[in-house]
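# Understanding the architecture of this molecule
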Amino acid sequence: EITLQCGDDLPAAPGAIDACSSSEVTFADADNGVSCSGAMNFIRTYTATDGCGNAVSASMSVNYMDSIDPTFTAPADITVECDTNLDDLEVMGDVMDAADVCSAEITVAYEDEASTTDGSCLADNRISRTWTVTDGCGNSVSGVQIISLVDTTAPEVTYEENVILDAEAGAALDDFEGVDVYDACSDYTYTTTDTYVGSGITGYELERVMVFTDACGNSVTIEQNITAIFASGCTYEDAVNYNSEALVDDGSCLYEGCTDMGSANYNPIASVEDGSCVIVGCMDPDGLDYDPTATYPGSCDYPDSCPGDINDDGFVNVADLLDFFQYYGDVCE
């Protein structure tokens, strides 16, 4: 058995000596599987035959190996915008010259390691991309490509230039009214300047200027006109239709209470009857002034069992007549 590096020459064929005649050496090969280099291993059988047809054979196994690393050139270092797709090799660069002296099959792969350089406005702004080329027998070689990320793009802001908040605005506006902000690479800060164009009890109008700045100092400015119309409704908490979101009272408040003017607890501002009315009156059916609608007892007048007893002494006699004559002829005012 012999092991050869791919591309090596086979050893010379063995010679043969015969005592009586000349001899001839021939060989035949039998496949013995493909090696990792892609070359075919084989078993070679040599046969020596003399002039009389006497023959003798010997075999050897020939195996190919590959111990030579492949070669390649790593893509050049590159600086790209921070939101670039790092897996887009058409932009980032790719290995184009991978080669191996033996193997027909070569694999190319890479791994990324991120780090942050001193003073960078971006986190993980330096990508060390290690390229590795491996041949069919496991021999490999590596090279490093440096990818630097920069941010020269301001935050992306989509917004409404004219905002009308009809019955939606409170006394203070949200920071982002009709505004969406996106920055692909870093956080951002913002400032807001509001200049009121007009205001009143029903709302206000203002001009808003906002400046958005990312961590790398890129900034964008937007301007909005915002009209806010306060929500209207009943603003009194005691009302049955109190609206906690209303900032302007529209006179629609409704109050519960007794709406019967004849009751003792009549509420002149009540507009919703709550069943609380109190009717004071005689609740005794035997009373002369019995009131079937009364809900609270009052005094009752009853029939006089002795109408002639003027002095209320329990007797009708001359004394009652004298009392009558005493007042007879008086004019009542």
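We now turn to the structure provided with this report. (Residues numbered from 1 in each chain as written. Predicted model: local features only at pLDDT ≥ 70, side-chain atom pairs only at ≥ 80, totals over all residues. Heavy atoms only, no water.)

## Details of the packing of aromatic side chains
Evaluation of the coordinates by the stated rule reveals 8 aromatic pairs. Taking the ring centre of phenylalanine 27 as reference, the NZ or CZ of arginine 44 above it sits at 3.9 Å. A cation sits over an aromatic face here: arginine 129 above tyrosine 110, 4.0 Å from the ring centre. (Phe/Tyr/Trp six-rings, centres within 6.5 Å; stacked < 30°, edge-to-face > 60°. Lys NZ or Arg CZ within 6 Å of the ring centre and 35° of its normal.)

## What about the nonpolar core?
Among the nonpolar cores identified, the biggest contains 9 residues, and these are Val163, Leu165, Leu173, Tyr204, Leu206, Ile226, Ala228, Phe230 and Val248. Looking at this core, the element that brings in the most residues is strand E14 (residues 219–230), giving 3 residues. Leave out the neighbours within four places in its chain, and leucine 206 touches Leu173, Asp194, Thr195, Tyr196, Val197, Gln224, Asn225 and Ile226. Among the nonpolar cores identified, the runner-up in size contains 7 residues, and Val80, Leu122, Ile127 and Leu149 belong to it. (Core = buried A, V, L, I, M, F, W, Y, C linked by side-chain atoms within 4.5 Å. Buried < 20%, exposed > 50% of the residue type's maximum accessible area, 1.4 Å probe, protein only. Helix = DSSP H or I, 4+ residues; strand = E, 2+ residues; numbered from the N terminus. Contact = heavy atoms within 4.5 Å.)

## A few points about the state of the cysteines
As enumerated under the stated definition, the model contains 6 disulfides in all. In this model, cysteine 82 is linked to cysteine 185 through a disulfide, with the two sulfur atoms separated by 1.7 Å. Linking cysteine 82 and cysteine 185, the disulfide has an S-S dihedral of approximately 95 degrees and is accordingly described as right-handed. With a gap of 103 residues between them, cysteine 82 in the loop between strand E5 (78–81) and helix H1 (89–92) and cysteine 185 in the loop between strand E11 (179–182) and strand E12 (188–200) connect regions that are remote in the sequence. Residue cysteine 82 is classed as buried on the basis of its relative accessible area of 16%. Each disulfide pairs two cysteine sulfurs, and for cysteine 282 the partner residue is cysteine 300, the sulfurs being separated by 1.9 Å. The sign of the S-S torsion, about 105 degrees, decides the handedness of the disulfide formed by cysteine 282 and cysteine 300: right-handed. Residue cysteine 282 is found in the loop between strand E19 (280–281) and strand E20 (296–297), and its partner cysteine 300 is found in the loop between E20 and helix H2 (318–327); the two are separated by 18 residues along the sequence. (Disulfide = S-S within 2.5 Å.)

## A closer look at the sheet that holds strand E3 (residues 40–50)
On the basis of which strands lie adjacent, the open sheet formed by 4 strands has the order E1-E4-E3-E2 and mixed pairing. Only two strands of the sheet have a single partner each, and these edge strands are strand E1 (2–5) and strand E2 (23–34). Averaged over all neighbouring strand pairs, the angle between strand axes comes to 25 degrees, with direction disregarded. By the bridge criterion, 8 bridges tie E3 to strand E4 (residues 55–65) in an arrangement that is antiparallel. If you follow alanine 48 over to E4, its bridge partner there is valine 56. (Pairing = 2+ DSSP bridges. Axes fitted to C-alpha atoms, helices over the stretch in contact; angles between N-to-C directions.)

## Describing unusual backbone geometry
Despite not being glycine, aspartate 124 has its phi angle at roughly 55 degrees, a positive value. The residue aspartate 124 is located in the loop between strand E6 (106–115) and strand E7 (126–135) in this model. Overall, aspartate 124 belongs to the partly exposed group, its relative accessible area being 42%.

## Some thoughts on the environment of methionine 92
Among the structural elements, methionine 92 can be located in helix H1. Between the C-alpha atoms of methionine 92 and valine 80, which are 12 residues apart in sequence, the distance is 8.4 Å. In this structure methionine 92 touches Pro75, Ile78, Val80, Thr84, Asn85, Leu86, Arg129, Gln145 and Ile147, once residues within four positions along its chain are discounted.

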